Amino acid sequence: MSIAIVGIGFGAMLVLMFLSLPIAVTIIAVGAFGGYMLYGGPLVDMMGGVIWSSLNSPAMLAIPLFMLLGELLLRGGIADRMYDAMAVWLARLPGGLLHSNIATCTLFSATSGSSVATAATVGTIALPALQQYKYPMAPALGSLAAGGTLGILIPPSVNLLVYGSIANTSVGQLFAGGVVPGLLLALSFSAYIAIFHGKAGAEATGLVNMPLREKLALGKYLIPPLIIFGVVMGSIYGGLATPTEAAAIGVVLAMIFVALNGRLTLDLLVQCSLQAAKTSGMVMIVLVVSLLLNVTISMTGAAQTMTTWIGGFGFDRLTLLVVLLVFYVLLGTFMDAMSMLVLTVPIVMPIIQHAGIDPVWFGIFIVIMCEIALITPPVGMNLFVVHGVRTDGGSYSDVTRGSWPYVGVMMLFTVALMIWPQIVMWLPDMLAGR
């Protein structure tokens, strides 16, 4: 297969997406139809078996379970109290409640797995306080949109689950690889806030001067998410449970904490289950069509063609990653994060493996690229979510202006990961005994 045919196929998918066709329809149109045109009915016939063998797996059940876990925390009132506890402890830092936005997003990410859910949840909770204490709106909205992106990096992460399925990479190793970069990226966001928005929140004196006894009393609301994260991730890394089993344990713990709050009702469980099912269905449909595309790519030799073509340029590892960084940042300006992941991973993975790049490290790299896509206009999903939860009727430009600096922070952070890959690989290597 020639590189021209590969380019035509990829270009056809982009054109169909520009025509506003759903991403699943776009991928199936090119993957299945292209495979049929090249190899006829037998290739299409074998796709059903590939889908069944891939989805008939306990690992796939982890996706709706982690979605349900996030919904329980959101609708059960745990997230609201989490923000209140963060606010009283972090309000005295330069930047005040902007740090609370990042910290709450970080902790919620450790139990949710979804960036959109994280941005919507923390945004809804935080914006009334930010408006009350007269925080500048652009930095406030930007910190919420950027903080929300941590939902797909800090484990458990739905995007890492999907990547692991497509790239045939250990989910446990991917989760371990996301811990240190996720925490360091959150600290990088806070460092930016302290340096450039250190004077924000000067009017929040009530939070700063709150008695220590009251701060300690609010601190107890941080215990439930910390326990859930510790049990879920500890059971995975300790070899006591698979990611799916750990997700089920997390759901049970979340239900217990919601019941202790007095908010566990049949109606709440129905609403949480329905929303988790809707979100999971969307993810699974995109995952299925990406598997079909994988079949066509494997049978046609498109991946080998791309590997040979890229190899002809003689790029070293660092140069190749810089090229991919620029490519993904540009792609993320007009494609949503999940679509970008499932569309490119089947094509890029053979190139990465040929260059000797660890697939676990590359999983973290591509998820950070997805994070950037979430806050780059015109289709940055977190930008729309955060703008949608504000109630003051302000301009959409506020959230875009506030988010651009965080794009720069994430790009610089990614370059640091390229130079020092052990930032990602230290914890997975240690847990694997390497």
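For clarity, every value in this text was computed on a predicted model and none was experimentally measured. (Residues numbered from 1 in each chain as written. Predicted model: local features only at pLDDT ≥ 70, side-chain atom pairs only at ≥ 80, totals over all residues. Heavy atoms only, no water.)

1. Digging into the nonpolar core
The biggest cluster of nonpolar side chains holds 140 residues, and the ones touching the most others in it are Leu130, Val162, Tyr328, Trp361 and Phe362. When neighbours within four sequence positions are excluded, Leu130 is seen to be in contact with Tyr83, Leu97, Leu98, Asn101, Tyr135, Ala140 and Leu144. (Core = buried A, V, L, I, M, F, W, Y, C linked by side-chain atoms within 4.5 Å. Buried < 20%, exposed > 50% of the residue type's maximum accessible area, 1.4 Å probe, protein only. Contact = heavy atoms within 4.5 Å.)

2. Let's talk about the environment of Pro224
Locating Pro224 in the fold gives a position in helix α13 (residues 223-237). For Pro224, a relative accessible area of 13% gives the class buried. Separated by 165 residues in sequence, Pro224 and Val389 place their C-alpha atoms 25 Å apart. With near-sequence residues (within four places) excluded, Pro224 lies in contact with Ile78 and Phe257. (Helix = DSSP H or I, 4+ residues; strand = E, 2+ residues; numbered from the N terminus.)

3. Quick notes on the pattern of salt bridges
Following the criterion strictly, the structure yields 4 salt bridges and no others. As a salt-bridge pair, Asp392 and Arg390 come within 2.7 Å of each other at their nearest N and O atoms. Judged by relative accessible area, Asp392 falls into the partly exposed class, the value being 41%. By relative accessible area, Arg390 is classed as buried at 9%. Within the structure, one salt-bridge network assembled from shared partners comprises Arg390, Asp392, Asp398 and Arg401. (Salt bridge = Lys/Arg side-chain N within 4 Å of Asp/Glu carboxyl O.)

4. Details of α13
Think of an α-helix as 3.6 residues a turn; residues three or four steps apart then line up on the same face. For α13, which comprises 15 residues, the first-to-last C-alpha distance of 21 Å matches the rise-based estimate of 21 Å (1.5 Å per residue) to within 8%. Taken residue by residue, α13 has Pro224, Pro225, Ile228, Val232, Met233, Ser235 and Ile236 as its buried positions. Down the axis of α13, the buried side of the element spans an arc of 160°, and every buried residue falls inside it. After α13 finishes, the residue Gly239 shows a positive phi value of roughly 75°. (Expected span 1.5 Å × (residues − 1). Arc of directions from axis to C-beta.)

5. Considering the packing of helix α6 (residues 97-112) against α13
The N-to-C vectors of α6 and α13 enclose an angle of 45°; their axes lie 9 Å apart at closest approach. Looking at the two axes, α6 sits oblique to α13. Remark: the crossing between α6 and α13 carries left-handed chirality. Facing α6, whose interface residues are Leu107, Ala110 and Thr111, α13 presents Pro225, Leu226, Ile228 and Phe229. (Axes fitted to C-alpha atoms, helices over the stretch in contact; angles between N-to-C directions. Parallel < 35°, antiparallel > 145°, perpendicular 65-115°, else oblique. Left-handed = near helix turned anticlockwise from the far one by under 90°.)

6. Points about the layout of surface pockets
Estimates place the volume of the largest pocket at around 1,000 Å³. Surrounding the largest pocket, 44 residues form its lining, Ser114, Val116, Thr279, Met282 and Met381 being those nearest its centre. Elements that contribute at least two residues to the lining of the largest pocket include exactly α1 (3-18), α4 (62-75), α6, α7 (115-132), α9 (158-167), α15 (266-300), α18 (337-354) and α20 (381-389). The class makeup of the residues in the lining of the largest pocket is 28 nonpolar, 12 polar and 4 charged. (1 Å grid on protein atoms, 1.4 Å probe; cavity = no way out; pocket = protein on both sides within 12 Å on 5 of 7 lines; lining within 4 Å. Points joined across faces, edges and corners; volume = space filled by probe spheres on them. Nonpolar A, V, L, I, M, F, W, Y, C, P; charged D, E, K, R; others polar.)

7. Topic: a nonpolar patch on the surface
A cluster of nonpolar side chains, contributed by Leu318, Val322, Val326, Leu330, Val415, Ile419 and Trp420, occupies part of the molecular surface with about 630 Å² of accessible area. Those elements giving two or more residues to the nonpolar patch turn out to be α17 (317-331) and α21 (397-419). Looking at the nonpolar patch element by element, the count peaks at 4 residues for α17. The topology assignment puts Leu330 in helix α17. Assessed through its relative accessible area of 52%, Leu330 is described here as exposed. (Patch = residues over 30% accessible without salt bridge, like charges linked within 9 Å, V, L, I, M, F, W, Y side chains within 5 Å. Areas by Shrake-Rupley, 256 points an atom, 1.4 Å probe, with all protein chains shown as cover.)

8. Regarding the packing of aromatic side chains
Counting across every chain of the model gives 9 aromatic pairs. Ring centres of Phe66 and Phe175 lie 6.3 Å apart, and the angle between their planes is 70°; on these two criteria the pair is classed as edge-to-face. With Phe66 in helix α4 and Phe175 in helix α10 (residues 171-196), this pair connects stretches of sequence that are 109 residues apart. Judged by relative accessible area, which is 0%, Phe175 ranks as buried. Judged by centre distance (6.4 Å) and plane angle (70°), the rings of Tyr328 and Phe365 are edge-to-face. (Phe/Tyr/Trp six-rings, centres within 6.5 Å; stacked < 30°, edge-to-face > 60°.)

9. Notes on unusual backbone geometry
Cis rather than trans, the peptide bond between Pro155 and Pro156 has omega equal to 0°. Positionally, Pro156 belongs in the loop between α8 (137-148) and α9. Here the phi dihedral of Lys134 falls at roughly 60°; this positive angle occurs in a residue that is not glycine. Among the structural elements, Lys134 can be located in the loop between α7 and α8. In this model, Asn168 sits at a positive phi of 55°, which is unusual for a non-glycine residue.

10. Some words on the state of the cysteines
Enumeration according to the criterion identifies 0 disulfides in this entry. For the unlinked cysteine Cys105, the closest cysteine sulfur is that of Cys370, found at 18 Å. Given a relative accessible area of 0%, Cys105 falls into the buried group. Looking at Cys272, it has no disulfide partner, and the nearest cysteine sulfur is the one in Cys105, 19 Å off. By relative accessible area, Cys272 is classed as buried at 0%. (Disulfide = S-S within 2.5 Å.)

11. Re the environment of Asn159
Within the secondary structure, Asn159 sits in helix α9. Among all residues touching Asn159, those that are not within four sequence positions of it are Ile152, Met338, Leu341, Val367 and Cys370.

12. Looking at the packing of α8 against α21
Contact geometry for α8 and α21: axes closest at 7 Å, N-to-C directions at 60°. Here α21 runs oblique to α8, going by the angle between their axes. Considering only the axes of α8 and α21, their crossing is right-handed. On α21, the residues that touch Met137, Ala138, Pro139, Leu141, Gly142, Ser143, Ala145 and Ala146 of α8 are Asp398, Val399, Arg401, Gly402, Ser403 and Tyr406. Taken together, the residues of the contact of α8 with α21 sort by class into 8 nonpolar, 4 polar and 2 charged.

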